[in-house]
Structure formats: structure tokens, C-alpha cells
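# Close look at the chain arrangement
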Amino acid sequence: MTATQVRPDAPEAPPQLNEKRVRVLSFSQQVSRWDLKVSPYLYISPFFIMFAIVGLFPIAYTAVISFMEWDLVRNSGEFIGFDQYIWILQNPQFWTALRNTFSIFLLSSVPQLVLAIFIAAMLDKNIRAKTFWRTSVLLPYVMAPVAVALIFSNMFGDNHGLVNNILTDLGVPAIPWHKDPFWSHVAIATMVNFRWTGYNALILLAAMQAVPRDYYEAATVDGAGGFRQFWSITLPSLRPTLIFVIITSTIGGLQIFDEPSQFDNTGQGGAAQQWLTITLFLYNIGWREWNFGRAAALAWILFLLILVIGLINLMVTRRLVRDEGSRGAAGVLRRMNRKGDAR
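Quick caveat: nothing in here was measured; it's all calculated off a predicted structure.

The next subject is the pairing of strand β1 (residues 68-71). The two faces of β1 differ: Met68 and Trp70 on one face are buried, but Glu69 and Asp71 on the other face are not. Note: β1 against strand β2 (residues 76-79), 4 bridges, orientation antiparallel. Looking at β2, one finds that Asp71 is bridged to Ser76.

And the structure:
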């Protein structure tokens with residue numbers, strides 16, 4: 001005998017509805033639906049409208065002028081192609097200004113970033129009068145750039161400057177701050193560092209305070225010292241903020257204008273262009289020679305340089321400051337859980 005399997009009857013499928021139900025929305029419901037979709041764009045539209053008027057349009061208009069021989073009297077120009085760019089690239093003053101700009105940028109941005117991280121780490125400690133010290137760090141940023149430049153230009157005077165007077169009293173020869181290119185770059189970079197170090201330190205301090213304190217407590221229990229905690233917990237957690245600070249410092253360093261223009265009475269970058277920067281060169285072409293076509297071409301060259309250097313800084317920062325913050329935090333939490341289970 002063979003046993004036969006009895007297959008249970010399959011449940012009947014529910015009958016399909018031929019008619020689709022149409023959901024009718026009231027007028028108030030439609031308004032609410034459109035409000036949820038449209039209102040965010042309306043809230044952010046003023047910024048983009050203002051940017052298009054005062055930002056995007058001048059940028060595009062400058063690009064058009066850079067390809068023309070512009071006539072200021074008739075407010076019109078003749079299209080000449082890339083002649084303005086060729087003139088800029090063949091001008092020796094452009095390469096001198098480019099060298100000076102990069103020299104001042106390196107002398108200011110690198111020490112500025114190191115000092116900002118150090119100051120932020122000190123302000124992140126449990127010290128007395130935190131509000132006083134944090135406010136004091138920001139005071140140089142509040143000062144007007146022209147005032148800072150005038151004060152430091154007198155301090156770095158060649159004959160009767162405060163720094164040279166102190167050096168001569170100590171038996172050290174006076175430094176030619178306004179004659180030697182390197183020392184003039186050091187003086188200008190000192191002005192920049194004085195004004196912007198505290199600002200960047202407060203930005204980094206805000207990022208440090210966002211790191212959970214449990215990570216440091218767990219690292220202390222594991223026997224990690226202060227330097228090890230900073231290197232393994234604080235620095236990886238600062239990666240997004242460091243990228244922001246480095247990029248903004250790059251943009252500001254390559255566009256430096258106030259400090260070199262106020263370093264002497266003429267504002268032309270020195271008698272031998274010792275501290276002539278790209279922005280000073282642009283200003284001289286546009287407002288001293290009244291050649292807006294060449295000035296616009298130089299402005300676009302500077303824009304492309306900032307874009308390239310910013311991308312390079314972004315890639316270097318991502319490579320140096322590895323994305324170990326989340327993995328390090330997870331490791332700290334795992335160790336904390338293991339210690340809790342052991343107890």
C-alpha cells in the first residue's frame with residue numbers, strides 16, 4: 001500500500017476591487033501639504049537671492065571683463081581673448097607676488113594652526129576663569145586689521161622699532177624688517193598670527209568640547225597619558241573642524257591684503273616688491289593703473305589658485321588626520337563595557 005498525501009485546499013484569494021478609491025483632500029490639507037514641501041525653500045531663498053545679486057553676478061561679470069580691453073569712460077570693452085591672462089603670466093611682478101604670497105601664507109598658516117590647537121587644548125582643561133581666558137583669546141580678532149597693522153609696523157621699524165631696540169640692547173644686530181624679503185614676511189605673518197590664532201582656537205575648542213568625556217575617563221583607566229589621549233581621541237575627533245580651519249586659513253592667507261598694504265606708508269609692497277602680494281598687485285593694476293581687464297584676469301587666476309590649493313589641503317588633511325575618531329570611540333566603549341562586565 002502506498003500512502004497518499006492529502007494537500008490542503010489553498011485559501012481563496014480575496015476578490016480584487018475594480019474601482020480604486022480616490023482620496024479627496026480638503027483645501028486646508030492641500031495648503032498644509034504644499035507648506036511642508038515649499039516652505040523650506042522659501043526660508044533659504046533670501047540667502048541665494050542675495051548671493052546671486054551681490055556674489056554670483058559680479059563673479060560672472062568679472063569673468064566677462066577679463067577677456068576684454070575695458071574702457072572705463074564708455075563702460076564697454078573690446079573682446080581680446082586671453083591676452084589679459086597672457087600679460088599677467090608674462091609679467092615678472094606676478095611671479096614675485098606669487099612667491100611672496102606663498103611665503104607669507106606658509107609662515108602664518110602653519111604656526112597659526114599649531115598654536116590654535118595648543119591654545120584650544122589648554123582652554124579645554126579644567127582651569128580657573130575659563131570665560132576670561134576665552135574672551136581674552138578672541139580680543140585680537142575684534143581689533144581692526146588696520147589698527148593691528150599700524151601697531152606692528154611700528155614695532156617692526158628698522159631704525160626705531162620696539163623689536164630692534166630690544167635686540168640692540170641685548171647686543172644682537174638690528175633686523176632689516178623692511179628691506180630683507182624674508183624678515184618682512186616674518187613680520188607680516190606675525191600680524192596675521194596675532195589676529196587669527198585666537199579665532200581658530202575658539203573654533204577648535206568648540207569641537208573639543210563636543211567630544212564625550214567618557215572617552216577620556218576610559219582612556220585614563222586604561223593608563224593612557226595626556227599626550228596619548230590627545231593623539232588618539234582628540235585629534236581624530238577634530239578632523240571635520242581641522243579641514244574647515246585649514247581651508248578657511250588657506251583662503252584668507254592667499255587673499256591677504258590689509259597687513260602688507262599697511263606695512264609701510266606707500267602700500268605698494270616695498271621699493272623692490274619685497275612683500276608684494278597678489279591682492280596688492282591686483283589693487284595696483286585696478287586702482288592705480290585703471291586697467292580693470294587685467295585686474296579681472298588676475299582675480300580669476302587667484303580664484304583658480306585658491307581652488308587648487310584648497311583641494312590639495314583637503315586631500316592632505318584627510319590623509320594625515322585619519323578617520324579614526326569613530327573607531328577609537330567604539331574601542332573605548334568596548335573596553336568600558338568589558339570592565340563593567342568584569343565588575
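As for its placement among the helices and strands, Thr279 is situated in helix α12 (residues 278-288). Within the structure, Thr279 has its side chain in polar contact with the side chain of Thr277 (distance 3.3 Å). When sequence neighbours within four positions are dropped, the list of residues in contact with Thr279 reads Leu254, Gln255, Ile256, Phe257 and Leu302.

Here the idea is simple: oppositely charged side chains can pair when their charged atoms come close. Taken as a whole and assessed by the stated rule, the structure comprises 1 salt bridge. The closest approach of N and O atoms between Arg213 and Asp124, which form a salt bridge, is 2.8 Å. Here Arg213, found in helix α8 (residues 213-221), pairs with Asp124, found in the loop between α3 (92-123) and α4 (130-142); they are 89 residues apart in sequence, far enough to count as distant. For Asp124, a relative accessible area of 16% translates into the label buried.

Attention shifts here to the environment of Gln268. Tracing the backbone shows Gln268 in the loop between α11 (258-261) and α12. Sequence separation between Gln268 and Phe281 is 13 residues, and the spatial gap between their C-alpha atoms is 7.9 Å. Not counting chain neighbours up to four residues away, the residues in contact with Gln268 comprise Leu276, Asn284 and Arg288.

Between two aromatic rings, the relevant description is the distance of the centres plus the angle of the planes. Applying the stated rule across the entire model yields 25 aromatic pairs. When the ring of Trp177 is compared with that of Trp183, the centres are 5.6 Å apart and the planes differ by 85 degrees; the resulting orientation is edge-to-face. Here Trp177 falls in the buried class, since its relative accessible area comes to 4%. Trp183 sits in the partly exposed class, given a relative accessible area of 31%. Measuring from centroid to centroid gives 5.2 Å for Trp300 and Phe303, while their planes differ by 75 degrees, and the two rings are edge-to-face. With Trp300 and Phe303 both in helix α13 (residues 292-320), this residue pair falls 3 residues apart, about one helical turn. Overall, the relative accessible area of 22% leaves Trp300 in the partly exposed class. Owing to a relative accessible area of 44%, Phe303 belongs among the partly exposed residues under this scheme. Every member of this aromatic cluster is reached through a ring pair, and the members are Phe152, Phe156, Trp177, Phe182, Trp183 and Phe194. Cation over ring: Arg294 sits above Trp87, and NZ or CZ is 3.9 Å from the ring centre.

Parameters at a glance
Residues numbered from 1 in each chain as written. Predicted model: local features only at pLDDT ≥ 70, side-chain atom pairs only at ≥ 80, totals over all residues. Heavy atoms only, no water. Buried < 20%, exposed > 50% of the residue type's maximum accessible area, 1.4 Å probe, protein only. Helix = DSSP H or I, 4+ residues; strand = E, 2+ residues; numbered from the N terminus. Pairing = 2+ DSSP bridges. Polar contact = N/O pair within 3.5 Å; in protein donor to acceptor, adjacent residues only side chain to side chain. Contact = heavy atoms within 4.5 Å. Salt bridge = Lys/Arg side-chain N within 4 Å of Asp/Glu carboxyl O. Phe/Tyr/Trp six-rings, centres within 6.5 Å; stacked < 30°, edge-to-face > 60°. Lys NZ or Arg CZ within 6 Å of the ring centre and 35° of its normal.

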